[in-house]
Amino acid sequence: MSTAPHVPYRLEFSVEVPGTPEQVWQAVATAAGMSAWFLPTQLEEREGGSLHFSMGPDMGSDGHVTRWEPPHRLVYEEDWAALMGVDQDALSPLTSEFVVEARSGGTCVVRVTSSGFGTGADWEQEWWDGMGPAWRPSFDVLRLYLADFAGQEATQMEVSATHPGDAVTLWSTLRDALGLHAEGATVDARGVTGTVVQLGERHALVRLTAPVPGMLTAAVYAEDDGKAAASVRAFLFSPDAADVVRREEPGWRDWLQGLSVPV
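Keep in mind it's a predicted model, so treat the numbers as computed, not measured. (Residues numbered from 1 in each chain as written. Predicted model: local features only at pLDDT ≥ 70, side-chain atom pairs only at ≥ 80, totals over all residues. Heavy atoms only, no water.)

Draft legend 1. The sheet that holds strand β6 (residues 94-103), seen in detail. Taken in spatial order, the seven strands make up an open sheet running β1-β7-β6-β5-β4-β3-β2, and their pairing is antiparallel. Taken across any chain shown, the strands that pair with only one partner, and hence form the sheet edges, are β1 (7-18) and β2 (41-43). Neighbour-to-neighbour, the strand axes of this sheet turn through a mean angle of 20°, independent of strand direction. As defined by bridge partners, strand β3 (residues 50-56) adjoins strand β4 (residues 59-69) across six bridges and the pair is classed as antiparallel. Its bridge partner being in β4, L51 is matched across the sheet by G63. (Pairing = 2+ DSSP bridges. Helix = DSSP H or I, 4+ residues; strand = E, 2+ residues; numbered from the N terminus. Axes fitted to C-alpha atoms, helices over the stretch in contact; angles between N-to-C directions.)

Below, the structure is given as structure tokens:
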């Protein structure tokens, strides 16, 4: 049986966001812009430029820009094999394309395509099946960023914790602890206040008003061995944001790790 990467995988979706093509391009095709709603990003903003997404301590994804057509098209490749820790001959690069199209009324449509080739292994299909549901909520964050914070740079805070049990139970516990009851509801928990903008099956997006303006996401993901992981990430827009993160991050980490989850 050949192990050459010849089995195609593809993910496509689009999202309508507020802003001009130039504003949207700044958000989806620059290091400062992507770091303000997605992952901490390093990006040489040119064709052939290097790319790095930080996914936590000692974990990240490296790649390079293959097409750079501001303010309409960005294409980049990531080293999918290195990211997954498999033989380089087993997987092709992971290619992602962002296309920005202007619409009337001061909005744009962002069309996103990711594709790659593997060997057809079960884990590859499972990875692609989970990629869409895991990635799409980030574009709700993008929409809120462009609506309220376009062009601003963010200071990020992220904490996560793994708990025994299933993702549904962990999400119910996290949702109740933060007061994520309904879209439009007021949140007042752990010294932060804001409004629930988006509430999904196991994720939520909050527009923060205090301690500083920003956005907060909460999510839960199933893991192997009967465990689930909870994550809270904040994007803060204030000259005081770095001080807030230094002061608050340890407490948030301890709180998330100490959640009392029914088993």
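Draft legend 2. Here's a closer look at a negative patch on the surface. Side chains of D122, E126, D129, E223, D224 and D225 sit close together on the surface and give a patch of like negative charge. Among the structural elements, D122 can be located in helix α4 (residues 122-135). When its relative accessible area of 61% is taken as the criterion, D122 is described as exposed. (Patch = residues over 30% accessible without salt bridge, like charges linked within 9 Å, V, L, I, M, F, W, Y side chains within 5 Å. Areas by Shrake-Rupley, 256 points an atom, 1.4 Å probe, with all protein chains shown as cover. Salt bridge = Lys/Arg side-chain N within 4 Å of Asp/Glu carboxyl O. Lys, Arg positive; Asp, Glu negative; His and termini not counted. Charge placed at Lys NZ, Arg CZ, Asp CG, Glu CD. Buried < 20%, exposed > 50% of the residue type's maximum accessible area, 1.4 Å probe, protein only.)

Draft legend 3. Up close: the side chain of T41. Here T41 lies in strand β2. Within the structure, the side chain of T41 is placed 2.6 Å from the backbone oxygen of L39, a separation counted as a polar contact. When neighbours within four sequence positions are excluded, T41 is seen to be in contact with A31, M34, S35, L51, H52 and F53. (Polar contact = N/O pair within 3.5 Å; in protein donor to acceptor, adjacent residues only side chain to side chain. Contact = heavy atoms within 4.5 Å.)

Draft legend 4. Looking closely at helix α1 (residues 21-29). Within α1 the residues assigned to the buried category are P21, V24, W25, A27, V28 and A29. The buried residues of α1 occupy an angular sector of 165° when the element is viewed end-on, so they sit on one face. (Arc of directions from axis to C-beta.)

Draft legend 5. Region of interest: the pairing of β3. By the bridge criterion, three bridges tie β2 to β3 in an arrangement that is antiparallel. Note on β3: the bridge partner recorded for Q42 is H52. In sequence, β2 turns back onto β3 through a hairpin of six residues, with G48 there showing a positive phi of about 90°. Taken together, β3 and the strand that follows it, β4, pair antiparallel across an intervening segment of two residues, in which D58 is found at a positive phi of about 60°.

Draft legend 6. Expanded view of the packing of α4 against helix α5 (residues 137-148). As a packed pair, α4 and α5 sit with axes 4 Å apart at the nearest point and diverge in direction by 25°. One element, α4, and the other, α5, form an angle in the roughly parallel class. Together, G132, P133, A134 and W135 of α4 and P137, S138 and F139 of α5 make up the contact between the two elements. Here the residues of the contact of α4 with α5 sort into five nonpolar, two polar and no charged. (Parallel < 35°, antiparallel > 145°, perpendicular 65-115°, else oblique. Nonpolar A, V, L, I, M, F, W, Y, C, P; charged D, E, K, R; others polar.)

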